[in-house]
Amino acid sequence: MFEVTVEAGFSSGHYLRNYRGKCENPHGHNYKVFVTLVGEELDETGLLLDFKLLKQVMRPTVEYLDHFMINDLAPFDKEINPSAENLARYFYQQTSKQVHEMTGGRVRVKDCTLYETDTSFARYYE
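The rules behind each value
Residues numbered from 1 in each chain as written. Predicted model: local features only at pLDDT ≥ 70, side-chain atom pairs only at ≥ 80, totals over all residues. Heavy atoms only, no water. UniProt positions renumbered as here; feature names shortened; annotations may be inferred. Helix = DSSP H or I, 4+ residues; strand = E, 2+ residues; numbered from the N terminus. Buried < 20%, exposed > 50% of the residue type's maximum accessible area, 1.4 Å probe, protein only. Contact = heavy atoms within 4.5 Å. Polar contact = N/O pair within 3.5 Å; in protein donor to acceptor, adjacent residues only side chain to side chain.

The name given to the protein in an unreviewed UniProt entry is 6-carboxy-5,6,7,8-tetrahydropterin synthase, with the source organism recorded as Edaphobacter acidisoli. Quoted verbatim from the Sequence similarities (unreviewed entry) field of the UniProt record, the comment on the protein reads "Belongs to the PTPS family. QueD subfamily." As recorded by UniProt, the Pathway (unreviewed entry) comment attached to the protein reads in full: "Purine metabolism; 7-cyano-7-deazaguanine biosynthesis."

Engineer: Whenever I open this one, the UniProt feature "active site" (unreviewed entry) in the protein confuses me. Can you help?
Structural biologist: As annotated in UniProt, the feature "active site" (unreviewed entry) corresponds to Cys23, His67 and Glu116 in the numbering used here. Mapped onto the elements, histidine 67 comes out in the loop between α1 (51–65) and α2 (84–103). Classification of histidine 67 as exposed rests on a relative accessible area of 64%. Residue contacts for histidine 67: discarding those within four places in its chain leaves Ser11 and Ser12. Along the chain, glutamate 116 turns up in strand β3 (residues 108–117). Here glutamate 116 falls in the buried class, since its relative accessible area comes to 18%.

Engineer: Hey, could you run me through the UniProt feature "binding site: Zn(2+)" (unreviewed entry) in the protein in this one?
Structural biologist: UniProt records the feature "binding site: Zn(2+)" (unreviewed entry) for His14, His27 and His29 in the present numbering. Across 16 residues of sequence, these annotated residues stay compact in space, with a maximum C-alpha separation of 8.3 Å. Position of histidine 14 among the secondary structure elements: in strand β1 (residues 2–14). Classification of histidine 14 by relative accessible area gives buried; the value is 1%. Polar contacts involving the side chain of histidine 14 include one to the side chain of histidine 29, which spans 3.2 Å. Discounting chain neighbours no more than four positions away, the residues touching histidine 29 are Phe10, Ser11, Ser12, His14, Glu116 and Thr117. Separated by 3.2 Å, the side chains of histidine 29 and histidine 27 make a polar contact.

So, in structure tokens, the structure goes:
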């Protein structure tokens, strides 16, 4: 089994609904997100997926969230809280379909890890 991981970063604001504490107030983070791919076979070049291509897959989601109040953006504008857990799942969902189509199912997203701070992160996988 092969794995590759790419990191991206973005800065955004958010607040947590139905939460008691400081995080119920608007505040910001410098997020880091790691997307890890997994597969049993390499392509004809000897790659699971070119790092450059994985960065391209991640870019639209990063740009969608970067320097915005996440609570103002779908799907976080209604009932889904922009917690680290939900943001990790969002990255997983946004990247999985593209990776599957790009590789004909040869490669899948293993997990997405989202750091909200240098010492706190959430991971989503299926």
